[in-house]
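Summary of structural features
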Amino acid sequence: MPDASFFPRGDGLTVSDIVALTGAELGASTAPGIRLTGIGPLDRAGPEDLSFFDSPRYATQLPETRAGCVVVARKHVALVPKGLPHLVAANASVVFAAVGRRLFPAALVPAAVSAGVGVSPRAEVDPTAQIEEDVTIEAFAVVGRGVKIGRGTIVSHGAVIAAGCMIGRDCRIGAQVVVSNALLGNRVILHPGVKIGQDGFGYVPGRAGLDKVVQIGRVIIQDDVEIGANATIDRGAIRDTVIGEGTKIDNQVQIGHNVAVGRHSVIVAQVGISGSTTVGDGVMIGGQTGVNGHVTIGDGAQLAALSGVAGDVPKGARWGGIPARPVREWLREVRFLTDLAKKGRSPRNERDD
Amino acid sequence: MPDASFFPRGDGLTVSDIVALTGAELGASTAPGIRLTGIGPLDRAGPEDLSFFDSPRYATQLPETRAGCVVVARKHVALVPKGLPHLVAANASVVFAAVGRRLFPAALVPAAVSAGVGVSPRAEVDPTAQIEEDVTIEAFAVVGRGVKIGRGTIVSHGAVIAAGCMIGRDCRIGAQVVVSNALLGNRVILHPGVKIGQDGFGYVPGRAGLDKVVQIGRVIIQDDVEIGANATIDRGAIRDTVIGEGTKIDNQVQIGHNVAVGRHSVIVAQVGISGSTTVGDGVMIGGQTGVNGHVTIGDGAQLAALSGVAGDVPKGARWGGIPARPVREWLREVRFLTDLAKKGRSPRNERDD
Amino acid sequence: MPDASFFPRGDGLTVSDIVALTGAELGASTAPGIRLTGIGPLDRAGPEDLSFFDSPRYATQLPETRAGCVVVARKHVALVPKGLPHLVAANASVVFAAVGRRLFPAALVPAAVSAGVGVSPRAEVDPTAQIEEDVTIEAFAVVGRGVKIGRGTIVSHGAVIAAGCMIGRDCRIGAQVVVSNALLGNRVILHPGVKIGQDGFGYVPGRAGLDKVVQIGRVIIQDDVEIGANATIDRGAIRDTVIGEGTKIDNQVQIGHNVAVGRHSVIVAQVGISGSTTVGDGVMIGGQTGVNGHVTIGDGAQLAALSGVAGDVPKGARWGGIPARPVREWLREVRFLTDLAKKGRSPRNERDD
């Protein structure tokens, strides 16, 4: 296991505990009593660590690993060297992740920076705010008029919750987060620097430049949403901006006004979604992709990293490229052009013939 | 209207007030006394709301809208169902926006988070700073040596104005903003998390790695500029970085050292502009576009989202693609390649024949 | 020189001081006693400023410059007008930068915002933190349990150093920076708004949505690294995220979990590097480039701006495009398609014939 100075080991789990927890099968000649207190990659795991193997790419590491036990994908079980304690599962990553969550509960959600529960005397909390029990508000955090914060939530240093916002239970509001014009559900995690609820970007031509289109909607963040560091989500103009239950948003993502994202979708770092676009449930959007305004991305669609989405994307489609189109077509075109240019049949060449 | 818990309705305007305010024409059989206190999209507006119609795309919503009145683009007036109160204008969005601004003045600029005007005892204000009347400096904000701040400006929680900066009147400096080495005009809005005036990015090869090129210029932000959340603007190296009057910059935009942006330009989210580039007046740059250093983008040019600008862009041009070229050429090439690849005339195929 | 209200002139250097400092050669009929107190571009420099000339693009400015002296690249020395005091060097930029660093030492690293050294009574410093001498911790900064901070370091307003982190000597931790689960070397500069050490982005499918993959690694930032405003670096999952000595990272860069960046590399603004990727030494990555996860970029490789790196990049290669390939191939393909589309030999056209 890598140096875990920030997440120390606890009592650990035995291999048979893991079988019970995850449904993985005990591998050949593997002692059920082996105790594991950590996790690590094959090349760094030690005798007290669980490791995993789900890609032949790392096959050369299997004979050399010092891991106490390895979770192996069923289809690769033939590659396991004799004598290496192992567990077998259809999806090794899922088992490995489940064990990781059990061994390191402190890594599941961001911790309070300062010790102690309660409202720091150095926080600025409006007397009209309604704070449930077991809420932590750290020094230099600000809670505005009429804000409601549910039990178990931590508002970290320097975070600002502006007037009228509602924050559910067991949320983690990271340092330097600013939330305004927004309602958050339960177990929402906002990593440091997230900015939610500021003005959307809307202007019309005016007499002496650009006139603002007022933005009077809200931001609704449903339960179990996680939003990465320095991401920004604008409030709605004349609708609400909505992030659906369980959706995970990575660092530096930008989401415009009136956007509605469905449930359990995944939006990777630096994606930008323009105003009034609808993203379905279970959608995956690769990093740095840009999505046009007023389009619809169907449930279960997958967009490759660095795509540029101009129009609607059908349910379950796999698209990529700029402008985005089915991934197969896009890659075929890329290869086609490469081949063509190599052969050099440009019109100019032909003229030269 | 969507739930407006954050921007409550006031007394509203009558239809005839709107005619007087905007120059819109009263529609057929529309009572001038109808009173409107809110705004909303066709599918959500109620009897006290103004809505608007400027795209046939939403024509099916017209017969079903419950809006008290609808502003209709003149060219679509034939689509208005009998009995629906309406106003007619050349540009429906402009009228709708003007009414929105009048009905919701509190949404025009970000509000102070905390109640009350003045300098919070929990702000850190250097005694040499010159603060005009009616300035609000919220808790945990920092104002450095010799800073000058004009009347009516709000410096929000956690914002830092470093030594020697000048901030004009009626500005809004959002929470967690950092401003250094900068002069700001009047009515400048910096949304939360904006960082202005840090070191530009310049290095030369040195004996033991990279040596810094010192950055001794400033950032000049002219009147009526608005800058989105978590955007970054570096100070100049041996010139100033300048953002011209009335220019609007969206969230997470990055502007490098020595860049000069003209007046009334619009720069959409996540755009990056490299050092020493000049952007003209009235330019529109679509989201996620990247602009090379040391190039000039002419007045009135429009760049499609996700473009990559390698060289100068002429005045009034519409460019797109990577590398950017006239939009028509770019789209023609995209379609051309698609067609060609579909037909499958790759050199490889030809060899196979 | 541009207005230098933020970086005032000092006593300056004579031309002969510069010769001694940099090894530049005295130009024809140039007085070694000329004293220079500032730096500036040819069109703005005055009699007390050093300027530089290394591109024929600005040749028309040479006869008109008012600069006290100009550093000229040797290959362009024939363009210098008679009577213009000048210095000659193989690399004019390197000489110019060396003089700039000597004349404006205050611009080398970010300054403390507030006057005075020491721990502000308004900072929140855990009693278990170990703070060496000559450390400045400004108001509203937070230093957590067991943190160690080395001599000469400045922790600016609102910065948060979470429990257990180690910060080396002479570091600059900018305002609103958040550091957790991290170890920093000496002379590290983090510009305002940088977020280091938050959760990487990892999920596996679960019963009721997405389950988290715990991230128990650290972030290691080696000596002399500089990281731009609002950049984000996630901590490792089961390895560490590492930024090697002397590497320079620009604003709004995103670096995922387990990424290892080598020494003296340069990563320009808004680049995104996905998890578990390895970047070598002396690599240059142009702005807005996206790099896939689990790939290796060899030492000395150069990636054009706006590239999309899908697979490994060889040592010393120059790649660009989406997906990235050798720059020459990429540009040839771009030109080839342009030519082809102009000639209009689309399959559709051929059918029409």
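All residue numbers refer to position in the chain's written sequence, counted from 1. Chains and ligands are labelled by the order in which they are written, letters from A for the one and numbers from 1 for the other. Under the rules for a predicted model, residues below a pLDDT of 70 receive no local features and side-chain atom pairs below 80 are neither given nor counted, while totals for whole chains, interfaces and linings still include all residues. Only hydrogens and water are set aside; all other atoms, that is, all heavy atoms of the structure, feed into the side-chain values.

Things to note about the overall build of chain A
The number of helices and strands found in chain A is 4 helices and 39 strands. When its C-alpha atoms are laid out on the principal axes, chain A stretches across 85 × 80 × 30 Å. Considering chain A as a whole, with its 353 residues, one finds that 59% of them fall into the buried category. Only heavy atoms matter for contacts: two residues are in contact if any of them lie within 4.5 Å across the pair. Pairs at least 24 apart in sequence give 21% of the contacts found in chain A among residues at least 6 apart. For the purpose of counting charges, residues Lys and Arg are taken to be positive, whereas Asp and Glu are taken to be negative. His and the chain ends are not included. Think of each charge as sitting on NZ of Lys, CZ of Arg, CG of Asp or CD of Glu. Taken together, the 36 basic and 34 acidic charged side chains of chain A have centroids lying 4 Å from each other. A run of H or I in DSSP counts as a helix once it spans at least four residues, and a run of E counts as a strand once it spans at least two, with each numbered from the N terminus. Throughout, exposure labels follow a simple rule: accessible area from a 1.4 Å probe, protein chains only, divided by the maximum for the residue type, with under 20% read as buried, over 50% as exposed, and the rest as partly exposed.

Digging into the relation of the copies chain C and chain A
Least-squares fitting of chain C to chain A yields an RMSD of 0.0 Å, with the transformation described by 0.0 Å of translation along the axis and a rotation of 120 degrees. The operation mapping one copy onto its partner corresponds to a three-fold rotation axis. In this assembly, only 17% of the residues forming the interface of chain C have copies in chain A that are likewise at the interface, indicating a heterologous arrangement. Least-squares superposition aligns the copies on the C-alpha atoms of those residues with pLDDT at or above 70 in both.

Observations concerning the interface of chain B and chain A
Think of interface size as the accessible area that goes away when the parts come together; that is how it is often given. Each side of the interface is counted separately: chain B has 68 residues, and chain A has 70 residues. A combined buried area of about 5,500 Å² lies between chain B and chain A, and 61% of that area is made up of carbon and sulfur atoms. Salt bridges are counted wherever a side-chain nitrogen of Lys or Arg sits within 4 Å of a carboxyl oxygen of Asp or Glu. Here chain B and chain A share 4 salt bridges between them. One salt bridge connects Arg239(A) with Asp43(B), and the closest N-O pair in it is separated by 3.0 Å. As used in this structure description, the phrase polar contact means that two N or O atoms lie within 3.5 Å; if the pair is within protein, one of them must be able to donate a hydrogen and the other to accept it, and residues adjacent in sequence are counted only when both atoms belong to side chains. Linking chain B with chain A are 26 residue pairs in polar contact (both at pLDDT 80 or more), by the criterion used here. Of all the elements in the fold, those that place two or more residues in the side of chain B that touches chain A are α2 (92-103), β27 (248-249), β30 (266-267), α3 (327-343) and α4 (347-352) of chain B. Looking at the side of chain B that touches chain A, the element that brings in the most residues is α3(B), giving 7 residues. Side-chain classes follow a simple rule in which Ala, Val, Leu, Ile, Met, Phe, Trp, Tyr, Cys and Pro form the nonpolar group, Asp, Glu, Lys and Arg form the charged group, and the remainder, Gly included, forms the polar group. Looking at the side of chain B that touches chain A, its residues break down into 35 nonpolar, 20 polar and 13 charged. Accessible surface is computed with a 1.4 Å probe, and the buried area is the amount of it that two parts give up when combined, taken over both parts together.

Some details on the interface of chain C and chain A
With 70 residues of chain C at the interface, the matching set in chain A holds 68 residues. Roughly 5,500 Å² of surface becomes buried between chain C and chain A when both sides are summed, with 61% attributable to carbon and sulfur atoms. The interface formed by chain C and chain A contains 4 salt bridges. Its salt-bridge partner being Glu226(A), residue Lys212(C) comes within 2.8 Å of it at the nearest N-O pair. At the surface where chain C touches chain A, the tally comes to 26 residue pairs in polar contact (both at pLDDT 80 or more). With 7 residues, the single largest contributor to the side of chain C that touches chain A is helix α3 (residues 327-343) of chain C. Residues belonging to the side of chain C that touches chain A are distributed by class as follows: 32 nonpolar, 20 polar and 18 charged.

Quick notes on unusual backbone geometry
All names here are of chain A. Following Ile-322, the chain continues to Pro-323 via a peptide bond in cis, the omega torsion being -10 degrees. With respect to the secondary-structure elements, Pro-323 resides in the loop between β38 (318-320) and β39 (325-326). Here His-264, not a glycine, exhibits a phi torsion of approximately 55 degrees, which is positive. When you line up the elements, His-264 lands in the loop between β29 (260-261) and β30 (266-267). Under the relative-accessibility criterion, His-264 is labelled partly exposed at 22%.

Concerning empty space enclosed by the protein
A pocket here means an open set of points on a 1 Å grid, computed over the protein atoms alone, that has protein on both sides within 12 Å along at least five of seven lines. A cavity is instead a set of points where a 1.4 Å probe fits but cannot get out; residues with an atom within 4 Å of a point line either one. Grid points are joined across faces, edges and corners, and a volume is the space filled by probe spheres set on the points. Throughout the structure, instances matching the rule amount to 7 cavities of 30 Å³ or more. Here the largest cavity is characterised by a volume of approximately 520 Å³. Around the largest cavity sit 23 residues that line it, and Ile322(A), Arg325(A), Ile322(B), Arg325(B) and Ile322(C) are the ones nearest its centre. Put simply, the parts of the chain that give the lining of the largest cavity at least two residues each are α3 (327-343) of chain A, α3 of chain B together with α3 of chain C. Grouping the constituent residues of the lining of the largest cavity by class yields 14 nonpolar, 3 polar and 6 charged. By volume, the second largest cavity amounts to about 240 Å³. Along the walls of the second largest cavity sit 15 residues, with Gln270(A), Gln288(A), Gln270(B), Gln288(B) and Gln288(C) positioned nearest its centre.

A short note on the domain arrangement of chain A
Reported domain spans reflect what an automatic or database domain assignment gives. Domain assignment breaks chain A into domain 1 (13-107) and domain 2 (124-328). Of note, the centres of domain 1 of chain A and domain 2 of chain A, computed from C-alpha atoms alone, are 37 Å apart.

Describing the pairing of strand β5 (residues 49-53) of chain B
Residue and element names in this part refer to chain B. A large share of β5 lies buried, amounting to 4 of its 5 residues. Pairing between strand β4 (residues 38-39) and β5: 2 bridges, direction parallel. Bridge assignment links Gly-38 to a residue of β5, and that residue is Asp-49. Being paired, for any two strands, means DSSP has found at least two bridges between them. Relative to strand β6 (residues 69-73), β5 runs parallel, the two being bridged by 4 bridges. Among the inter-strand pairings, Phe-52 is bridged to a residue of β6, identified as Val-71.

A closer look at the UniProt feature "active site" (unreviewed entry) in chain A
Residues and elements named next belong to chain A. UniProt positions are given in the numbering used here, feature names are shortened, and annotations may be inferred rather than shown by experiment. Per the UniProt record, "active site" (unreviewed entry) is annotated on His-257. Relative to the assigned elements, His-257 resides in the loop between β28 (254-255) and β29. Not counting residues within four places of it along the chain, the set of residues in contact with His-257 comprises Gly-200, Phe-201, Gln-215, Asp-234, Arg-235, Gly-236, Ala-237, Thr-241, Gly-275 and Ser-276. Side-chain polar atoms of His-257 contact the side chain of Gln-215, separated by 2.6 Å.

Looking at the relation of the copies chain B and chain A
Placing chain B over chain A gives an RMSD of 0.0 Å and needs a rotation angle of 120 degrees, together with 0.0 Å of translation along the axis. Mapped onto chain A, only 18% of the interface residues of chain B again fall at the interface, so the copies present different surfaces.

Quick notes on the sheet that holds strand β10 (residues 136-137) of chain C
Residue and element names in this part refer to chain C. Overall, mixed pairing links the 11 strands, which are arranged β10-β13-β16-β19-β24-β27-β30-β33-β36-β38-β39 in an open sheet. Two strands close off the open sheet at either side, each with one partner strand: β10 and β39 (325-326). Where strand β38 (residues 318-320) and β39 come together, 2 bridges link them in antiparallel fashion. Each residue of the ladder has a partner; that of Trp-319, found in β39, is Pro-326.

Side note on the pattern of salt bridges
Across all of its chains, the model carries 42 salt bridges over all chains by this definition. A salt bridge links Arg187(B) to Asp224(B); the nearest nitrogen and oxygen atoms lie 2.7 Å apart. Of this pair, Arg187(B) sits in the loop between β18 (182-184) and β19 (189-190) while Asp224(B) sits in the loop between β23 (219-221) and β24 (226-227), and the two are 37 residues apart along the sequence. The exposure class assigned to Arg187(B) is partly exposed, which follows from its relative accessible area of 39%. Among the salt bridges present, the one from Asp199(C) reaches Arg235(C), with a minimum N-O distance of 3.0 Å. Separated by 36 residues along the polypeptide, Asp199(C) in the loop between β20 (195-196) and β21 (203-206) and Arg235(C) in the loop between β25 (232-233) and β26 (241-243) bring together distant segments of the chain. Each member of the pair, Asp199(C) together with Arg235(C), is buried. Three or more residues are tied together by salt bridges with common partners; here these are Asp199(A), Lys212(A), Arg235(A) and Glu226(B).

Looking at the pairing of strand β22 (residues 209-212) of chain C
All names here are of chain C. Pairing of β21 with β22 involves 4 bridges; the strand directions are antiparallel. Its bridge partner being in β22, Tyr-203 is matched across the sheet by Lys-212. Between β21 and β22, which pair antiparallel and follow one another directly, the connecting turn spans 2 residues.

A few points about α3(C)
Helices are assigned an expected span. That span is 1.5 Å times one less than the residue count. The end-to-end C-alpha distance of α3(C) is 24 Å, a good match for the 24 Å that 17 residues give at a rise of 1.5 Å each. Every buried residue of α3(C) is accounted for by Trp330(C), Glu333(C), Val334(C), Phe336(C), Leu337(C), Thr338(C), Asp339(C), Leu340(C) and Ala341(C).

What about the packing of α3(A) against α3(B)?
Viewed as axis vectors pointing N to C, α3(A) and α3(B) meet at an angle of 85 degrees, and their least axial separation amounts to 9 Å. With respect to α3(B), the axis of α3(A) lies roughly perpendicular. For the pair formed by α3(A) and α3(B), the contact residues are Arg332(A), Glu333(A), Phe336(A), Leu337(A) and Leu340(A) on the first element and Leu337(B), Thr338(B), Leu340(B), Ala341(B) and Lys342(B) on the second. When grouped by side-chain class, the residues that make up the contact of α3(A) with α3(B) number 6 nonpolar, 1 polar and 3 charged. All axes are obtained by fitting lines to C-alpha atoms, using only the stretch in contact for helices, and the reported angles, taken between N-to-C directions, cover 0 to 180 degrees. Each angle receives one of four descriptions, namely roughly parallel if under 35 degrees, roughly antiparallel if over 145, roughly perpendicular if within 65 to 115, and oblique otherwise.

Points about the sheet that holds strand β11 (residues 142-143) of chain A
Residues and elements named next belong to chain A. Overall, parallel pairing links the 10 strands, which are arranged β8-β11-β14-β17-β20-β25-β28-β31-β34-β37 in an open sheet. Where the open sheet ends on each side, the last strands, each with one partner, are β8 (124-125) and β37 (308-309). Note that strand β20 (residues 195-196) and strand β25 (residues 232-233) share 2 bridges and pair parallel. Its bridge partner lying in β25, Lys-195 is registered against Thr-232.

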